[in-house]
Amino acid sequence: MQSVVSYPDRGPWGNNKYRGNMSGYLVKDIIEQYHLRQLSDYMVGGGTTEDVCRDMGIPGTFLDLNRGFDMLSMDIPERPENVILHLPYGQMISYSGSMYDDKEVSRKFGINAYENDLSHSKNCDDFVDKMNYCTLKQFSALEKGGRMFLLMGDWKQKGRLYSMLADIVKPGKLEQIVIKVQNNFTSARKTYSNNNFIPIIHEYLLILKKESSLIIPVSETVKKTWDLRKCYIATWRDVISAVLEENGTMKLDDIYDAVKDSPKVKNNNHWHEKIRHVLQDSRYFKRLEIGVYCRA
């Protein structure tokens, strides 16, 4: 394997009508690259991993919600050496009720195959929470020295990019990130009216190794807001520009009031004078009349 892989032919493995099904050649390359003796897939979807492992004589356990295994509510039934996890693409592709009959699965196995399907998450935050829960649950089950092969893709919805690579929790040692080129994907056949739209034609394969049984390093994205007025890195020009950009034309007293709680103010006894001095820079600010300013 190399750091960028592409499989124009998905191979004879799995159900080729199951949307989002990965190429079996990727599974084959993973097995050969890491000389795997075992590989399990608990979200096997259309069965690609199972078919490849059967052909290569690699034992494993192959489960899915469509087979009656609910990752959100059931225990993983083994301590695997290695697992592969191909996550759904948020709410972009619906599985239960589309790829399979969720009502029949629910009736047969006594689970809620619709609500517990990650592709039916309430929103992006709900999906990220469930995605990370499933990832940590499977990594926790790994034997020491085992690997998780985590395949995921970003998606765009209503003009916004949702990055699984940025949001997903990353347990253990991150050994490698492989870029997988997508071939024969649905969006490639679409015409976009937005000239700035960049179609996503790749996925990420994260290779994570479990080096310790109990103490596991975890990298997790923490989202928080950042008030420029309270940031020591931002300059006075940055802060005042941002205030005017947010509010438009402002009186000097209103500018004072907008930045009065900034740490810059507390550390400068002459902050009024400093603001007036900054506002004199005609490259960035314009005085409309005495005591009234806007951005240049």
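Going by the structure above, here's the rest.
Please read these numbers as outputs of a predicted model, since none were measured by experiment.

Peer 1: It is not clear to me how the overall build of the chain should be interpreted in this structure. Could you clarify?
Peer 2: If you tally the helices and strands in the chain, you get 9 helices and 12 strands. Projected onto its principal axes, the C-alpha positions of the chain cover 80 × 50 × 40 Å. The proportion of buried residues among the 296 residues of the chain is 45%. Partitioning the intrachain contacts of the chain with sequence separation of at least 6 by distance along the chain shows that 68% fall at a separation of at least 24. Surface summary for the chain: the accessible area is close to 16,600 Å², and the carbon and sulfur share equals 48%.

Peer 1: Sorry, what's going on with the pairing of strand β2 (residues 82-86) here?
Peer 2: Looking along a regular strand, one sees side chains alternate from face to face of the sheet. Burial of β2 is extensive: 5 of the 5 residues sit out of reach of the surface. Alternating residues of β2 divide into Asn82, Ile84 and His86 and Val83 and Leu85, and every residue in both groups is buried. Inspection of the sheet shows β2 paired to strand β3 (residues 147-152) by 5 bridges, in the parallel sense. In the strand pairing of β3, valine 83 is matched with methionine 148.

Peer 1: Is there a simple way to explain the packing of helix α7 (residues 252-259) against helix α9 (residues 271-279) in this structure?
Peer 2: Angle between the axes and distance between the axes are the two parameters that describe a pair of packed helices. Direction vectors running N to C along α7 and α9 enclose 120°, while the axes themselves pass 11 Å from each other. What the angle tells us is that α7 and α9 run oblique. Here α7 runs over α9; the crossing is right-handed. Residues Leu252, Ile255, Tyr256 and Val259 of α7 pack against Trp271, His272, Ile275, Arg276 and Leu279 of α9. Class assignment for the residues of the contact of α7 with α9 results in 7 nonpolar, 1 polar and 1 charged.

Peer 1: What should I look at first to understand the nonpolar core in this one?
Peer 2: Burial of nonpolar side chains together is a common tendency in soluble globular proteins. By size, the foremost hydrophobic cluster in this structure holds 28 residues, and its most contacted members are Leu87 and Leu150. Secondary-structure elements contributing two or more residues to this core are β2, α4 (124-141), β3 and β8 (202-209). When neighbours within four sequence positions are excluded, leucine 87 is seen to be in contact with Leu118, Met131, Thr135, Leu150, Leu151, Met164 and Ile168. Tyr7, Trp13, Val44 and Cys53 belong to the second largest nonpolar core, which has 21 residues in total.

Peer 1: For this particular structure, what's the right way to read the packing of aromatic side chains?
Peer 2: One pair of aromatic rings is described through two measures. These are the centre distance and the angle between the planes. A complete count under the given rule lists 9 aromatic pairs for this structure. Ring geometry for tyrosine 7 against tyrosine 25: centres 6.5 Å apart, planes inclined by 15°, an arrangement best described as stacked. Of this pair, tyrosine 7 sits in the loop between β1 (4-6) and α1 (24-33) while tyrosine 25 sits in helix α1, and the two are 18 residues apart along the sequence. Its relative accessible area of 12% is what places tyrosine 7 among the buried residues.

Rules and cut-offs
- Numbering of residues begins from 1 in every chain and follows the order in which that chain's sequence is written.
- Where totals are concerned, whole chains, interfaces and linings use all residues; where local detail is concerned, this predicted model gives features only for residues with pLDDT of at least 70, and gives and counts side-chain atom pairs only at 80 or more.
- Note that water and hydrogens are dropped before the side-chain values are worked out from all heavy atoms of the structure.
- A run of H or I in DSSP counts as a helix once it spans at least four residues, and a run of E counts as a strand once it spans at least two, with each numbered from the N terminus.
- For every residue, the accessible area (1.4 Å probe, protein chains only) is compared with the maximum for its type, and the residue is labelled buried under 20%, exposed over 50%, or partly exposed between those bounds.
- Pairs of residues are marked as contacts when any of their non-hydrogen atoms sit within 4.5 Å.
- Here, Shrake-Rupley sampling with a 1.4 Å probe gives the accessible areas, and only protein chains in the shown set may cover a residue.
- Pairs of strands are assigned from DSSP output, requiring at least two bridges between the strands.
- Structural elements are reduced to axes, namely lines fitted to C-alpha atoms, with helices fitted over the stretch in contact, and the angle between N-to-C directions of any two is expressed from 0 to 180 degrees.
- Note that the term roughly parallel is reserved for angles under 35 degrees, roughly antiparallel for angles over 145, roughly perpendicular for angles of 65 to 115, and oblique for everything else.
- If you view the pair so one helix is near and one far, a crossing is left-handed when the near helix is turned anticlockwise from the far one by less than a right angle, and right-handed when it is turned clockwise.
- Ten residues, namely Ala, Val, Leu, Ile, Met, Phe, Trp, Tyr, Cys and Pro, are considered nonpolar, four, namely Asp, Glu, Lys and Arg, are considered charged, and the remaining ones, Gly among them, are considered polar.
- Only buried Ala, Val, Leu, Ile, Met, Phe, Trp, Tyr and Cys residues count toward a nonpolar core, and they belong to the same one when joined by side-chain atoms within 4.5 Å.
- Working definition: rings of Phe, Tyr and Trp (its six-membered ring) pair if their centres are within 6.5 Å, and the pair is stacked with planes under 30 degrees apart, edge-to-face with planes over 60 apart, and tilted otherwise.

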